[in-house]
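Architecture and fold: a report
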Amino acid sequence: MSQEQLNKDAFTRGKPMPRQGEAGGYDQNWYPIALSRDVREGEVFGTEFLNGRVIVIRDADGKAQVLSAYCRHLGADLSDADVVGGKVVCPFHKWGYDASGQCVETMTGDKPPEQARLFKFPTEESWGVVWAFNGLEPFYEAPHPDMMEEDADFEVEFNHMTNVDHFIPYSNSSDIQHLRAVHKIELEVDPQNVERWPGRMRYTQEMTMPGMPPMTQTVNIFGTNCLVFEGNMMGRHLYNMSAGKPLPGNRTLHTMMAATAKSTGAPGEDEMVKAIIQQGLAFGRQLFEEDDMVMRSIRFRQDTLTETDRMLMTFLRYVREFPRTDIACDMIS
Ligand code: FES
Ligand SMILES: [Fe+2]
C-alpha cells in the first residue's frame, strides 16, 4: 500500500450513523407524542413529529388517536380544527374527519373522496403518555416499567430538547467512558449478558454514584429512543423512564417519568413517595444537563472505539440494524 494511502486511511473518520429521516425514514419505534393531560375531549392537540406534524384527538370512547395533521383537501393544518359532533372539522373549507381519519363530510355536500383519509398511527396511552408507533404494525410493546400502572405513583413531563437524533442521547447509558467522565458514575456491565427481543434489550449493571453505595440497576431499552432504569432509593423500587420524540430538523424532545409503588398511607410514606419521584426526575434532568454541552455540537460518528466501548458497540449495532420506515412521512409534512 502506498504511503499516501496509509496516510489517507489514518485520517479517515469512521462510518457516520445514517441520519433519521434519510436512508429509509425513521426508526420504527413507539414515540411519546403528547402528555395525556394535554389531550382533552372535544379538542385537537397539534404537535411536531418526525418530519412534520400530527394531531392527537380522543374518540367517542375517550381513546387517544394520533393522525396526520394536514387536511386531504388543500392541506390546511388540522391543529387549528374544531371538534364538532365528534368530527375534526378543517378550519379552511370545513371538511369533517372521523376518529379513524376518514373524511366523512364536506360543507358543500360534495361526496367526500375515499382517498381523503388521514394517516392513522397505531396509538397507545400509558404512564401519562400518548404513544404512536411509526409504522403499520407494532412489533414490540409500548415502553413501560416492570410494574402495573395502577399500582404506581408517578409523574411525567416533557422537559428537554436536544439538537441531535434520538438514538444519540439514548446511546449514553451504553457509553461507559462518558458515564465516568461526564457524570462521575462507575459502571460494571457485561456486554455478553444482554437479553434481546425484537425491538428491545435488557441488561443488569452495577452502578456507583459519588457518595452512594453501589446499586444494582436493570436497564430496559425499548426501541432506539427509550430507556427505563430500575433501581432502589431509600429502600424502595424506583423506575426512571425517558423517551425521545424526533422533530423536524433532527431535533429530539425528551419526556421523563419517575415511578414507584403507591404509598400504603403509613405515616410519612406519602411524603417519601413524593420525594422519591422528585429525586428520580431531578436525577434524569441532571444527566441531560450534564450532557448538554457535548450534545449541542457533537458530529456523531462511530469512529475509533476501545475495549471499554464494547457495550456502546452493542447498542450502535442494534441501532444500525433497527428497521425504519417513511410510510407516514409524506402525509405529515
Ligand atoms: S383544506 Fe381542509 S377542507 Fe379544504
Ligand atoms: Fe449522559
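Residues numbered from 1 in each chain as written. Chains lettered and ligands numbered in written order. Predicted model: local features only at pLDDT ≥ 70, side-chain atom pairs only at ≥ 80, totals over all residues. Heavy atoms only, no water.

This brings us to the pairing of strand S17 (residues 200-208). Pairing geometry for strand S15 (residues 186-189) and S17, over 4 bridges, is antiparallel. Paired with Val189 across the bridge in S17 is Gln205. When strand S16 (residues 195-197) meets S17, the two strands line up antiparallel, connected through 3 bridges. Bridged to Trp197 within S17 is Arg200. With antiparallel pairing between neighbouring strands as the criterion, S16 and S17 make up a hairpin whose turn holds 2 residues, including Gly199 at a positive phi of roughly 75 degrees. Adjacent in sequence and paired antiparallel, S17 and strand S18 (residues 215-222) are bridged by 6 residues, among which Gly211 carries a positive phi angle near 75 degrees. (Pairing = 2+ DSSP bridges. Helix = DSSP H or I, 4+ residues; strand = E, 2+ residues; numbered from the N terminus.)

Here we come to the coordination of the iron ion (ligand 2). At this site the iron ion (ligand 2) is bound by Asn172 (OD1), His178 (NE2), His183 (NE2), Asp291 (OD) and Asp291 (OD), with donor distances of 2.0 to 2.5 Å. Sequence positions of the residues that donate to the iron ion (ligand 2) give the spacing N-x5-H-x4-H-x107-D. Residue His178 is found in helix H3 (residues 176-181), and its partner Asp291 is found in helix H4 (residues 269-297); the two are separated by 113 residues along the sequence. Take His178 and Asp291: they sit in the same class, and that class is buried. (Donors = N, O, S within 2.8 Å, 3.2 Å for Na, K, Ca; no water. Buried < 20%, exposed > 50% of the residue type's maximum accessible area, 1.4 Å probe, protein only.)

Time to look at the environment of Leu50. With respect to the helices and strands, the residue Leu50 is situated in the loop between strand S4 (45-49) and strand S5 (52-58). For the pair formed by Leu50 and Leu247, sequence separation is 197 residues and the distance between their alpha carbons is 4.8 Å.

Another aspect to go through is the domain arrangement of the chain. Looking at the chain, the domain boundaries give domain 1 (30-133) and domain 2 (149-325). For domain 1 and domain 2, the distance between their C-alpha centroids amounts to 31 Å. Taken residue by residue, the interface counts 18 residues in domain 1 and 19 residues in domain 2. Together domain 1 and domain 2 conceal approximately 1500 Å² of surface at their shared face, both sides included; 65% is due to carbon and sulfur atoms. Area buried by domain 1 at its contact with domain 2 is led by Pro32, Glu48 and Trp127, which between them contribute 45% of it. Our count for the contact surface shared by domain 1 and domain 2 stands at 1 salt bridge. We note a salt bridge from Glu48 to Arg251, for which the minimum N-O separation is 3.1 Å. Taken together, the links from domain 1 to domain 2 amount to 8 residue pairs in polar contact (both at pLDDT 80 or more). Elements that contribute at least two residues to the side of domain 1 that touches domain 2 include exactly strand S3 (30-35), S4 and strand S13 (129-133). (Domains from an automatic or database assignment. Contact = heavy atoms within 4.5 Å. Buried area = accessible area lost by both parts, 1.4 Å probe. Salt bridge = Lys/Arg side-chain N within 4 Å of Asp/Glu carboxyl O. Polar contact = N/O pair within 3.5 Å; in protein donor to acceptor, adjacent residues only side chain to side chain.)

This part covers the state of the cysteines. Using the criterion set out here, one finds 0 disulfides in the structure. Sulfur of Cys329: no disulfide; nearest cysteine sulfur belongs to Cys71 and is 20 Å away. (Disulfide = S-S within 2.5 Å.)

You can see Glu125 is positioned in strand S12 (residues 123-126). Classification of Glu125 by relative accessible area gives partly exposed; the value is 34%. Between the C-alpha atom of Glu125 and that of Ser36, which follows or precedes it by 89 residues, the distance is 7.4 Å. Not counting the four nearest positions on each side in its chain, Glu125 is found in contact with Ser36, Arg58, Ala64 and Val130.

Sheet strands pair by backbone hydrogen bonding; their relative direction is either parallel or antiparallel. Read from one edge of the open sheet, 3 strands run S3-S13-S12, paired in antiparallel fashion. Each edge of the open sheet carries a strand with a single partner, namely S3 and S12. For this sheet, the mean angle separating the axes of adjacent strands, direction not counted, is 30 degrees. Looking at chain direction, S3 and S13 are connected through 5 bridges and run antiparallel. Within the sheet, the bridge partner assigned to Trp30 lies in S13 and is Phe133. (Axes fitted to C-alpha atoms, helices over the stretch in contact; angles between N-to-C directions.)

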